[in-house]
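Residues per chain are reported as follows:
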Amino acid sequence: MWTAKKLYWLLQLLGWMAFCLLIGFTNYTQGKFDKYTLFQLGELFFLLITITHINRSVMLKFDWLNMKVAPLIPRLIAVNFASSLLLMLLSYISNHLFYDSKDIIQLNASEFFVNSVVYTLFFLLWSAIYLSYHLINKSRHQEIRNLQLEASNNEIELKTLRDQLNPHFLFNSLNSIRALIEEDPKIAKSAITTLSKLLRRSLNMGKHPKVTLDEELRLVKEYLELEKIRFEERLAVSIRVSADHQLLIPPFIIQTLAENAIKHGISNRNEGGNLTILVDETLLALIIHVSNPGKLDNEESEGIGLINTKRRLFIQYGEFAKVDLHEEDGLVIATIEIDKKALNSNI
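This section reports on the structure supplied with the text. (Residues numbered from 1 in each chain as written. Predicted model: local features only at pLDDT ≥ 70, side-chain atom pairs only at ≥ 80, totals over all residues. Heavy atoms only, no water.)

1. Thoughts on the environment of Trp9
Summarising the element assignment, Trp9 is placed in helix α1 (residues 2-29). Sequence separation of Trp9 and Ile49 is 40 residues, and the distance between their C-alpha atoms is 9.2 Å. Not counting chain neighbours up to four residues away, the residues in contact with Trp9 comprise Ile49 and His53. (Helix = DSSP H or I, 4+ residues; strand = E, 2+ residues; numbered from the N terminus. Contact = heavy atoms within 4.5 Å.)

2. Examining the layout of surface pockets
Picture a little ball the size of a water molecule; that probe, rolled over the atoms, points out where space is still empty. Roughly 700 Å³ of internal volume is contained in the second largest pocket. Around the second largest pocket, the lining comprises 23 residues; the ones closest to its centre are Tyr8, Leu11, Ile129, Tyr130 and Tyr133. Broken down by secondary-structure element, the contributors of at least two residues to the lining of the second largest pocket are α1, α2 (35-61) and α4 (109-183). Its residues placed into classes, the lining of the second largest pocket shows 15 nonpolar, 5 polar and 3 charged. (1 Å grid on protein atoms, 1.4 Å probe; cavity = no way out; pocket = protein on both sides within 12 Å on 5 of 7 lines; lining within 4 Å. Points joined across faces, edges and corners; volume = space filled by probe spheres on them. Nonpolar A, V, L, I, M, F, W, Y, C, P; charged D, E, K, R; others polar.)

3. Observations concerning the nonpolar core
Membership of the largest hydrophobic core comes to 46 residues, with the highest contact counts inside it found for Ile254 and Leu275. If we skip the residues at most four places from it in the chain, Leu275 touches Leu224, Leu235, Ala236, Val237, Ser238, Ala258, Ala261, Ile262, Ile266, Val290, Ser291 and Asn292. Residues Trp16, Cys20, Ile51 and Leu72 belong to the second largest nonpolar core, which totals 21 residues. (Core = buried A, V, L, I, M, F, W, Y, C linked by side-chain atoms within 4.5 Å. Buried < 20%, exposed > 50% of the residue type's maximum accessible area, 1.4 Å probe, protein only.)

4. Points about the packing of helix α5 (residues 185-205) against helix α6 (residues 213-231)
Direction vectors running N to C along α5 and α6 enclose 160 degrees, while the axes themselves pass 9 Å from each other. If you check the angle between α5 and α6, you find them roughly antiparallel. Along this stretch, α5 crosses α6, giving a crossing that reads as left-handed. Contact with α5, carried on its side by Ile187, Ser190, Ala191, Thr194, Leu195, Lys197, Leu198, Arg201, Ser202 and Met205, involves Glu215, Glu216, Arg218, Leu219, Glu222, Tyr223, Glu225, Leu226 and Ile229 of α6 and no other residues of that element. (Axes fitted to C-alpha atoms, helices over the stretch in contact; angles between N-to-C directions. Parallel < 35°, antiparallel > 145°, perpendicular 65-115°, else oblique. Left-handed = near helix turned anticlockwise from the far one by under 90°.)

Take it as geometry only, folks, not as evidence of what the structure does.
Below is the structure:
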């Protein structure tokens, strides 16, 4: 607020000073510049600042800054014309009170009116500049508020989406263990121990908007360890990483793709299959591939995990993150690509 006041007074002083200097220069080129002209210019400078400051107070008091254009225009014309008449009247009185020289030009009624109209135009120009500044400033503050609101809404939505993953993940894991209880209670007990560690890690990761690639990969390996208990030799896993393990990424994005691949791909095949996870870092992007044997169907492409992942990446990275799911040579391949600039930013 203090900065805005300083800017206001600086522009007031410099603007009207430039205006008075222009009048003085015009008089000088016409050979009409003397000590009385200098005094009158100083007087004019003081009156212009005082009157426009009063106009500003009127606009603030009656909240004209938030008024619509149609009712605002006649008010501005009336106030500025009155201000112009006041300026001319004070100048006229000053001439009679302080000047005895015969060289002082006395204004007649027509000159008084014409000069009043001219100064009205200058005052209107001043009002237009002042109102435009506030309109731009108000628009900028509104844009900042909108961005803050959008960021807050996005943060809430991201938290909601992350929270959705835990019950979804837990439900699928419990289903896996349930199938083991009757078949092999000992293995089921081991699976529950693995699941408890997995849930502890996932709950901790779910509190953060980003985790390191290393943390995400450890979660994925623990999850796949749990699934291998259920599928045994039907599930083969291959993980290859050629990226910085300290890169920050949204939690659960690789785990969700792996879970999606097992649920919709490998679990539907009697012979199972190989789940392949490739994480590659190029100069431009981080690329994650998760592939499994099978055929792409609508259920797989519209599952809550994949939809959730797409939405989370869009909120955090916008157009700088892409999610693709396609079938190629008997494999269903899910790909996430995140632009390195966006990945390294504070989004």
